[in-house]
Amino acid sequence: QKEVEQDPGPLSVPEGAIVSLNCTYSNSAFQYFMWYRQYSRKGPELLMYTYSSGNKEDGRFTAQVDKSSKYISLFIRDSQPSDSATYLCAMRDYNTDKLIFGTGTRLQVFP
Amino acid sequence: DSGVTQTPKHLITATGQRVTLRCSPRSGDLSVYWYQQSLDQGLQFLIQYYNGEERAKGNILERFSAQQFPDLHSELNLSSLELGDSALYFCASSAGSETQYFGPGTRLLVL
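Residues numbered from 1 in each chain as written. Chains lettered and ligands numbered in written order. Predicted model: local features only at pLDDT ≥ 70, side-chain atom pairs only at ≥ 80, totals over all residues. Heavy atoms only, no water.

Enquirer: Even after reading the chapter, I still don't get the overall build of chain A, so can you show me in this structure?
Expert: Along chain A, the regular secondary structure elements total 0 helices and 11 strands. Starting at the N terminus, the α and β elements of chain A follow one another as β-β-β-β-β-β-β-β-β-β-β. A globule of 111 residues ought to have a C-alpha radius of gyration of about 13 Å, and chain A, at 13 Å, matches this closely. In terms of principal-axis extent, the alpha carbons of chain A reach across some 45 × 25 × 20 Å. Taken across its 111 residues, chain A has 45% of its residues classed as buried. Counted over contacts in chain A with a minimum sequence separation of 6, partners at least 24 positions apart contribute 54%. Roughly 5,400 Å² of accessible area belongs to chain A as shown, and the carbon and sulfur atoms make up 46% of that amount. Separation between the mean location of the 12 positive side-chain charges and that of the 12 negative ones in chain A comes to 5 Å. (Helix = DSSP H or I, 4+ residues; strand = E, 2+ residues; numbered from the N terminus. Rg over C-alpha atoms; globule rule 2.2 N^0.38 Å. Buried < 20%, exposed > 50% of the residue type's maximum accessible area, 1.4 Å probe, protein only. Contact = heavy atoms within 4.5 Å. Areas by Shrake-Rupley, 256 points an atom, 1.4 Å probe, with all protein chains shown as cover. Lys, Arg positive; Asp, Glu negative; His and termini not counted. Charge placed at Lys NZ, Arg CZ, Asp CG, Glu CD.)

Enquirer: So what exactly am I meant to see when it comes to a nonpolar patch on the surface here?
Expert: Residue and element names in this part refer to chain B. Residues Ile12, Leu109 and Leu111 make up a contiguous nonpolar surface patch of about 310 Å² in total accessible area. Along the chain, the position of Leu111 falls in the segment after β11 (106–110). Overall, Leu111 belongs to the exposed group, its relative accessible area being 57%. (Patch = residues over 30% accessible without salt bridge, like charges linked within 9 Å, V, L, I, M, F, W, Y side chains within 5 Å. Salt bridge = Lys/Arg side-chain N within 4 Å of Asp/Glu carboxyl O.)

Enquirer: Help me understand the sheet that holds strand β1 (residues 5–7) of chain B in this model?
Expert: The strands making up a sheet are joined through hydrogen bonds of the backbone, oriented either antiparallel or parallel. All names here are of chain B. Spatially, β1-β3-β8-β7 is the arrangement adopted by the 4 strands of the open sheet, whose pairing is antiparallel. Each edge of the open sheet is held by one strand with a lone partner, namely β1 and β7 (64–68). With direction set aside, neighbouring strand axes in the sheet form an average angle of 15 degrees. With 5 bridges joining them, β7 and strand β8 (residues 74–78) adopt antiparallel strand pairing. Looking at β8, one finds that Ala66 is bridged to Leu76. (Pairing = 2+ DSSP bridges. Axes fitted to C-alpha atoms, helices over the stretch in contact; angles between N-to-C directions.)

Enquirer: How should the packing of aromatic side chains be read in this particular structure?
Expert: How two aromatic rings sit relative to each other is given by the distance of their centres and the angle of their planes. Residues and elements named next belong to chain B. As enumerated under the stated definition, the model contains 12 aromatic pairs over all chains in all. With a centroid separation of 5.7 Å and an interplanar angle of 65 degrees, the aromatic rings of Tyr35 and Phe45 are classed as edge-to-face. Of this pair, Tyr35 sits in strand β4 (residues 31–38) while Phe45 sits in strand β5 (residues 42–50), and the two are 10 residues apart along the sequence. Residue Tyr35 shares its accessibility class with Phe45, and that shared class is buried. Between Tyr35 and Phe102, the aromatic rings sit 5.2 Å apart at their centres with planes inclined by 45 degrees, giving tilted as the arrangement. Residue Tyr35 is located in strand β4, and its partner Phe102 is located in strand β10 (residues 101–102); the two are separated by 67 residues in the primary sequence. When its relative accessible area of 3% is taken as the criterion, Phe102 is described as buried. (Phe/Tyr/Trp six-rings, centres within 6.5 Å; stacked < 30°, edge-to-face > 60°.)

Enquirer: Help me out: how do you make sense of the interface of chain A and chain B in this one?
Expert: By convention, interface size is frequently given as the accessible area that disappears when the constituent parts associate. Counting from both sides, the interface comprises 14 residues of chain A and, opposite them, 18 residues of chain B. Two residues, Asp97 of chain A and Arg55 of chain B, come together in a salt bridge whose shortest N-O distance is 3.8 Å. Considered class by class, the residues forming the side of chain A that touches chain B number 7 nonpolar, 2 polar and 5 charged. (Nonpolar A, V, L, I, M, F, W, Y, C, P; charged D, E, K, R; others polar.)

Enquirer: Would you mind showing me how to read the sheet that holds strand β8 (residues 71–76) of chain A here?
Expert: Residues and elements named next belong to chain A. The 5 strands lie next to each other as β1-β3-β8-β7-β6, forming an open sheet whose pairing is antiparallel. Each edge of the sheet is formed by a strand with only one pairing partner; in this case those strands are β1 (4–6) and β6 (54–58). Pairs of neighbouring strands in the sheet enclose a mean axial angle of 15 degrees, with direction left out of account. As defined by bridge partners, strand β3 (residues 19–25) adjoins β8 across 6 bridges and the pair is classed as antiparallel. Bridge pairing links Thr24 to Tyr71 in β8.

Scope: geometric values only; no functional claims are made or implied.
Laid out in structure tokens, this is it:
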């Protein structure tokens, strides 16, 4: 079993929809949680960074962490075609800087 | 633009050969990380350097090695290349243990 599980999709939604992306993990020591966006043939771009449990909002993006369920989510409101990309969750514990990534969910937002 | 630069963008070589990938971190960042991204394995951590010293190792093959120079740029050396080494290689940097910013990657194709 992988440490971090993420549905690969693809997820196809109409413009303006609310998108929910999720990851589950098995290592209870993970404390830091990130979401990266990766366009085709580009490097991952950091979207959200959260520590421990709770919510964090940044514009159209909201990240949620539920450590009791070992489950993290990224919500995208008012999705746009420019949001079409692969979304990667990543996490680490406080002992190491090494990031463990999910396999990524491919999102397509159609006009 | 993350501020992390990588060269070359593309590399085509033959099995058994050796290549060197180069990374320049963001200004002021002391940590450099190398990741490999393949279709079947996703993003995998290879190795981390902090201010010239190796800090952490992931699933890096013995045929692969890295170093960080006094000016903080880093090189990843891949030798005795095999077909399975074809992948995207990303460098990331961070100021400390905080968020990692990724470069555009080097696409390696081994024929």
